[in-house]
Structures are given as structure tokens and as C-alpha cells.
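Examining the three-dimensional arrangement
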Amino acid sequence: MSHVVRRRLLLANMVFVLAVLGVFMDLLFQTWPQVLPEPAGVAIDCVSYAPFRRPGESPLDPDALVSPERIRADLQQLSTYTDCVRTYSVDQGLDAVPEIAATLGQRVLLGIWIDRDAVSNQAGIARALALAKAYPQTVSAIIVGNEVLLRRELDAVQLGELIRQVRTGTEVPVTYADVWEFWLRNAELADLVDWVTVHILPYWEDEPVAVAEATSYVMQVRRRVETAFPGREILIGETGWPSVGRMRGPAMPGRVEQARFVREWVSLAADEGVSYNLIEAFDQPWKRQLEGAMGGSWGFLDSAARAKFPWSGPVAERDDRPWVAVASAAAGAFLFLTCCRMVVASSVRRMAGWPLRFNVALAGGLSGLLLPSQWQYLAHWSRNTVEWLAGGAMVLLGFATAFLLPLVLTNGSLARRYAGLVRIWSRVCLAVFFAAAWFVLMHLFNGRYLGYAIPLWFLPALMLAVSRLLGTGWPEDAVRERLLGLIVLTTLPWVLWPEMPGNTQALVFTLLMTMVALSVLLPLRISSSKPNRAAKAPGTAA
């Protein structure tokens, strides 16, 4: 094996060792318990309740019907946290909530779902008025519509008529719930309600707020609303934090972040005497179809009704322990070495020596180390079969680049033996460029509910960068590859800019995509090796 090839492998080994250490330290940090503020007790003022938490359940399904037994079990569990639940509809079995809540001594903020369907609106109003009459000690308020103005399904005049209709039909307090900005834009509605119900969600703000400032931001907005509606009672109808999802500006979703927000907010609201409703009780997987992974992850209980975090003591982002990652890394190294023995002749392995075997083992170990994070990402973000297949294909592309790179780096001296593998490498790289261009364009046009997929892109980005920096090149006729790389590189600034400042996920994503693009666009060769005329395929070593 030539000195140049040996040097390539040694340099690649150094990069892989650093990458393995970096990934392992990141996983270790995620499993490390973090000390958080602790509330004096578990006493949530009120909590949003929707029972559609199991796989396949959705209120968007007109045939969906929740049994009273399910509702009773849910409310019994919630009774250990709160004595109040907020609903959003009286359809699909939710009209049983007041009766069941009455037996448990709970209050209900009874919601009527309002949209463009006038017939459905009237049916919901009639049912809600009947429930309020039947359970006046349980139904503490009727909420006529949720974010109707935000969704632009009715205007303020149309909505006001429905609110008046409900108020004339009941003695129970009546209100309307919407994002706080829409209350300020439609202040005339305040004269029609008993109190103003505002949604303040720091994560979803047009200028997102980091979790460290989130609770103080909620109080700041509440004071602003109080100033706009002097003398009126203010109810924070929704506030909370997602446990899963992508960063928006400095706002990071996460289990630790959710625990911090909920703990801090429960304590602050109790100290300030603020009425609020926490969103929400249970995770709602169906919301992922509309709002990405974060949309379905606002519950402090998961979709299996398990508590996501304790109310006292430290909290870790992940419950799995480092040995799981170590075992996965060992399995990856073993698998790569086994495959190497299968596809590479023993004489070639002896010629390449320990640097090649060590390089293959490190690439396999890194691939295995990333696998738990990749699985977690796919489980959170894949909403249908197509997305599962696309994500799985990206995982396989990453594994392919990691396995093939050590062989490509030896191509300077073993080109004839590896010509077939080099052609496969070229095709894999082309697939990565296509995927990168598509993914970046998706972020440009519809990035709000799209994850950054950093666990999926780390391997191919690193392998392409290493291959380029250690002496591989592309022929002059590699037009498709360069065009795709140019699309990625010129689109990235428009993806990154709206997320600044503070979005570290966007920065890492931009770095990875830049590595992919420059692997084909970078004109310089760091390696001083001479061109190998025997290797004709794009992406071969120089």
C-alpha cells in the first residue's frame, strides 16, 4: 500500500475517532440528569383534554367516537394533577365529559368547535347549552370557538353573533379563546364575553422565545393584554411547551425544556395568582400530520398516558443509558468488518493492513452509535409509510457512504480491484446530492413543520467531506452533481436566515449541507497525490 493511501486512511481514522467521541459525548449529555426548579406541589389550574391519543385516532375522522369508559379513565388519572379540564368540542363522545367530571368533582371549561360549517356550529351550540343546563355546578364556562379568527374561518362579526346566541341561552359564563394578538386586533369582542381567554405559546410566537425566558414572557404578554382590556378578567387559555420537535429560533423543544417550563410556570402562576389552562394533558399523535413532531408532543403525559417527567428531582432528555449506544456501536463495527471480509479479497486486506481494518471498524462504530438517534428521529417525524421509507433510505445511504469510504480512499493504489465499488460509491453520492437538494428546497418552501434530520445527515455529510478533503475528485463532466451541489449551497442562506439568532439546530444543519455541497464544488485538492488514470468513475480517488 502506497504512502499516500496509508496517510489518507490514518487521517480518516483521526476524523472518525473525533466524530465517535463527539457523538458519544452528545448521547452522554442527553442521558445526564439535569437539576430543574421544583414546584411546591402538583396542582395545575386547568388542563386541555382531548382523548385522541392512540395510534390512528383523530378528531378529523368524522366516524371517531370515544367511549365514556375511556373518558372516565383519563379524567381519573388527571384528577391527581388538576380539578379542571378544558375541552374543545362536544362531538365524538366528548359530550360525556361533564357528567363524568361531575362524579369526580372536576370543573369543565366546555368548548364548542366553531368553523365554517353553520349546521355543525348550531348543533354544537345546542348540545353545549343543554350540558351547561344539566351540569351547572360542573360547567364553569362555555368557550365559543377556538382560534377561529386565527384560522380565518369566520370574521369577528360572524363570531360575535354566535357568542351572543350562547350568552342569551345560558347563565354560565361565556368566553372565546384565541392567540393574544388576535384579541388585540378584535378588541370589540371583549364586550361580548365574561372574560378574555388568550393563548400565549412562547414556542409558536412569530419571534420564538427560549425556554429560559418563556415563563416571564407569558407574564409580560398577560400584562400587555390586561392593559389593553382594563378591568377585565384574563384567563390564559393555553400555555405550554413541546417535548419533541425542531428548534424555532432559540426555542428548543425537549423533555428537559418541557419539564422546566411546566415546573416554573406552575410555581410562578401560583405565586402571582394567575388563572391558566395548560396545554395539554396527553400527547396527540394526530396533530403531527398538521404541525410536525412538535404538534403532537405538548402533553405532560405521553400517548400511552405515562408521565414524561417527574415533578421533583433531576430530569434527563433520554432514559436509555450509554451502554445501549456502546452496544450499538460495537454491533456496527462488527457488521462493517464482516461485510469487508465478504467483499474484499484477503490478499487486498493484507496489502491494506491495519489502517483499512481500523478505518472500517471506526466507520461501522460511528454508524451504530448514530442508529438509536436515527430511530428516535424517524419515530418522531415519520407520519406515513412514504416518510418512513424516505427516512430509512437516508439511513441506508449514510451507512453505504460510511462503508464505502475506506475502500474509496485506497483506490489510489488498488483501483482495478475496487472499480466496481467505486462505481457504487459514485451512485450513492449522486443519490445523496439529490436528497440534499430536495430536502433543502423543502425547508425553503415549507420548513415550519419540517425537522432538520441531523441524525440522518451526519454520516453522509461527514463521509463526503472526508473523501473530498483527503483527495477524491469529480470529473469535469459531473454536471448533475455540481448542479445539485449548487442548488444546495445557494438555497441554504434563505433557510438559515429566518432562524437566526439562536437556532443551533439550523446552524448544524447548514454546516452539514454545506459539507455535502462543497464536496463536489470545492476546486482545491488537499491531497498531493497524483491522478490515477485508471479510475474513470465520478467520485473516485485522485
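Residue numbering note: each chain is counted from 1, following its sequence as written. Predicted model: local features are reported for residues with pLDDT of at least 70 only, side-chain atom pairs are reported and counted for 80 or more only, and whole-chain, interface and lining totals are derived from all residues. In computing side-chain properties, one takes all heavy atoms of the structure into account and sets aside hydrogens as well as water.

Thoughts on unusual backbone geometry
The line we're drawing: Put simply, DSSP H or I for four residues or longer makes a helix, DSSP E for two residues or longer makes a strand, and each gets a number counted from the N terminus. For every residue, the accessible area obtained with a 1.4 Å probe (protein chains only) is divided by the maximum for its type, and the residue is called buried under 20%, exposed over 50%, and partly exposed between those limits.
Cis geometry marks the peptide bond from Ile279 to Glu280; its omega dihedral reads 5 degrees. Position of Glu280 among the secondary structure elements: in the loop between strand E8 (276-278) and helix H10 (288-295). Unusually for a residue other than glycine, Glu147 sits at a positive phi of about 55 degrees. For Glu147, a relative accessible area of 14% puts it in the buried group. The phi dihedral of Arg152 falls on the positive side, at around 60 degrees, and the residue is not glycine. Looking at the element boundaries, Arg152 is found in the loop between helix H5 (148-151) and helix H6 (156-168).

Observations regarding the state of the cysteines
Using the following cut-off: In this description, the term disulfide denotes a pair of cysteine sulfurs within 2.5 Å.
In this structure the tally under the stated criterion is one disulfide. The side chain of Cys46 participates in a disulfide bridge whose partner is Cys84; the two sulfur atoms lie 2.1 Å from each other. One quick way to see it: the torsion about the S-S bond of Cys46 and Cys84 is about -65 degrees, and its sign makes the bridge left-handed. In this pair, Cys46 sits in the loop between helix H1 (3-30) and strand E1 (47-48) while Cys84 sits in strand E2 (residues 84-86), placing the two residues 38 residues apart along the sequence. Grouping residues by exposure puts Cys46 and Cys84 together as buried. You can see Cys429 has no disulfide; the closest cysteine sulfur is in Cys340, sitting 18 Å from it.

Brief notes about the nonpolar core
The following threshold applies: Remark: nonpolar core denotes a set of buried residues (Ala, Val, Leu, Ile, Met, Phe, Trp, Tyr, Cys) joined through side-chain atoms within 4.5 Å. Any two residues having at least one pair of non-hydrogen atoms within 4.5 Å are treated as being in contact.
Of all hydrophobic cores here, the largest spans 159 residues; its most connected members are Leu78 and Trp457. Once you skip the residues sitting within four places of it in the chain, Trp457 turns out to touch Met394, Val432, Ala435, Ala436, Phe439, Tyr452, Leu512 and Met513. Cys46, Ile143, Trp195 and Leu235 belong to the second-largest nonpolar core, a separate cluster that totals eight residues.

Let's talk about the packing of aromatic side chains
Any two aromatic rings considered together are summarised by their centre-to-centre distance and by the angle between their planes. Threshold: Each pair of aromatic rings taken from Phe, Tyr and Trp, with Trp reduced to its six-membered ring, is defined by centres within 6.5 Å and is described as stacked if the planes are under 30 degrees apart, edge-to-face if over 60, and tilted in the remaining cases. To sit over a ring, a charge needs its Lys NZ or Arg CZ within 6 Å of the ring centre and within 35 degrees of the ring normal.
For the coordinates displayed, the defined rule picks out 19 aromatic pairs. Taking the centre distance of 5.7 Å and the plane angle of 80 degrees together, the rings of Trp265 and Tyr276 count as edge-to-face. Here the residue Trp265 occupies a position in helix H9 (residues 255-272), and Tyr276 occupies one in strand E8, the gap between them amounting to eleven residues. Each of the two residues, Trp265 as well as Tyr276, counts as buried. On the basis of an interplanar angle of 45 degrees and a centroid distance of 5.4 Å, the ring pair of Tyr452 and Phe509 is categorised as tilted. Here Tyr452 is found in the loop between helix H15 (411-446) and helix H16 (454-469), whereas its partner Phe509 is found in helix H18 (residues 504-521), with 57 residues between them in sequence. Exposure remark for Phe509: the relative accessible area of 1% places this residue in the buried category. Taken together, the ring pairs in this structure connect Tyr203, Trp204, Trp241, Phe261, Trp298 and Tyr449 into an aromatic cluster. A cation over a ring is seen here: Arg53 above Phe282, with NZ or CZ 4.8 Å from the ring centre. Over the ring of Tyr203 we find Arg248; its NZ or CZ atom is 5.8 Å from the centre of that ring.

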